[in-house]
Amino acid sequence: MSPSLLDLIDQRTEHLTPAEARVAQWISANPRGAAELPIARLADAAGVSEPTVVRFCRSLGLSGFRELRTQLGVALQSPDSFAHQDVAASDSLDAAASKVLDNAVRALVGASNASRDLPFAAAAELLAAARQIVFVGLGASGLVARDAEHKFFRLGIPCSTASDVPTIAQRAATACAGDVYLAISYTGEWRDLVMAMELARDNGACVISVTDPEAGLARAARLTFASLPVENTSVYTPMSSRLVQLALLDALQVATALALGSSAETNLRRAKDALLMYRPA
């Protein structure tokens, strides 16, 4: 954490309103959380409103919460270990492995607890009625998108994956009514991805996102599945966030199969039967 930013927060705290001071105190105690949580969750954690968080940011001379999060993220990019945010270089190999697994379990339990507030039914109905589904993602999220395509095509819906900027842009430009674009991104702020999904939406397609609900990608989408395990993907390879994305899409695939009814059951059975001919005698 940058000492100058901490010093600035400390210097300003006594001049803030009581509500803004609570924001300052929470950020000082939880700099990583402040860099990674969306504004709604930070406000809730500090016990204040979202406008109070914005006013606090401006009291520091920042344009708003996004700039605060960006500056904190940059300041935190000197970790003790680049392997995993919960692992220290001094950890034993066994302890490091246990920490990674514990982090994954916590992320999945958190996703399960939040699942009742996610739009599975509405999304499954849109996917079941889709002319085609395009799974979209960049980097590690592109691998999640490809995994989703591998599962969803067995339901009998035409599916494809777009995982590089030129392909995503061209697919968005040719989108039309009846298409569903399922876009996956941890930060939801890749400019090219957001612009492409806005274009797909403007061309009549339905956009569903798996991302930070405060991000630009969420604003381009009709429905959003909040994916918020606390993980600094600007420094570390996505791990817990990727697991949550995969689990959410697995659950959505099952929900879509149920929405399709007997046609999905038939296609799943046929796809499985087709593999039998390739098994060794």
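As shown above, the structure is provided for reference.
As a starting point, this report considers the structure included with it. (Residues numbered from 1 in each chain as written. Predicted model: local features only at pLDDT ≥ 70, side-chain atom pairs only at ≥ 80, totals over all residues. Heavy atoms only, no water.)

So, on to helix α11 (residues 191-202). Compared with an ideal rise of 1.5 Å per residue, which puts 12 residues at 16 Å, α11 spans 16 Å between its outermost C-alpha atoms and is within 8% of the ideal. Of all the residues in α11, the buried ones are Leu193, Val194, Ala196, Met197 and Ala200. With its buried residues spanning 165° around the axis, α11 presents them on a single face. Within α11, the exposed residues directed more than 90 degrees away from the buried face are Arg191 and Asp202. Residues of α11 that are buried make contact with β1 (132-137), α10 (165-173), β3 (179-184), β4 (206-211) and α12 (216-220). Two residues or fewer after α11 comes glycine 204, characterised by a positive phi angle close to 105°. (Helix = DSSP H or I, 4+ residues; strand = E, 2+ residues; numbered from the N terminus. Expected span 1.5 Å × (residues − 1). Buried < 20%, exposed > 50% of the residue type's maximum accessible area, 1.4 Å probe, protein only. Arc of directions from axis to C-beta. Contact = heavy atoms within 4.5 Å.)

Before going further, it helps to spend a moment on the packing of helix α13 (residues 240-260) against helix α14 (residues 262-276). Two numbers describe how α13 lies on α14: the axes approach to 5 Å, and their chain directions differ by 120°. The angle between α13 and α14 falls in the class oblique. For the pair formed by α13 and α14, the contact residues are Gln253, Ala257 and Leu260 on the first element and Ser262, Ser263, Ala264 and Leu268 on the second. Of the residues contributing to the contact of α13 with α14, the split by class is 4 nonpolar, 3 polar and no charged. (Axes fitted to C-alpha atoms, helices over the stretch in contact; angles between N-to-C directions. Parallel < 35°, antiparallel > 145°, perpendicular 65-115°, else oblique. Nonpolar A, V, L, I, M, F, W, Y, C, P; charged D, E, K, R; others polar.)

Turning next to the nonpolar core. Counting 30 residues, the largest nonpolar core has Phe152, Leu182, Ile208, Phe225 and Leu252 as its most contacted members. Only α7 (93-114), α8 (120-128), β1, α9 (140-152), β3, β4, β5 (223-226) and α13 provide two or more residues apiece to this core. Sorting elements by how many residues they give to this core places α13 first, with 5 residues. (Core = buried A, V, L, I, M, F, W, Y, C linked by side-chain atoms within 4.5 Å.)

Taken as a whole and judged by the stated rule, the model has 7 salt bridges. Residue arginine 55 pairs with glutamate 20 through a salt bridge whose shortest N-O separation is 3.7 Å. Here arginine 55 is found in helix α5 (residues 50-59), whereas its partner glutamate 20 is found in helix α2 (residues 18-29), with 35 residues between them in sequence. Under the relative-accessibility criterion, arginine 55 is labelled partly exposed at 44%. (Salt bridge = Lys/Arg side-chain N within 4 Å of Asp/Glu carboxyl O.)

A separate point is the side chain of glutamine 132. Mapped onto the fold, glutamine 132 is located in strand β1. By relative accessible area, glutamine 132 is classed as buried at 17%. Looking at glutamine 132, its side chain comes within polar contact range of the side chain of arginine 171, at 3.1 Å. If near-sequence neighbours (up to four positions away) are discounted, glutamine 132 is found in contact with Pro158, Arg171, Gly178, Asp179 and Val180. (Polar contact = N/O pair within 3.5 Å; in protein donor to acceptor, adjacent residues only side chain to side chain.)

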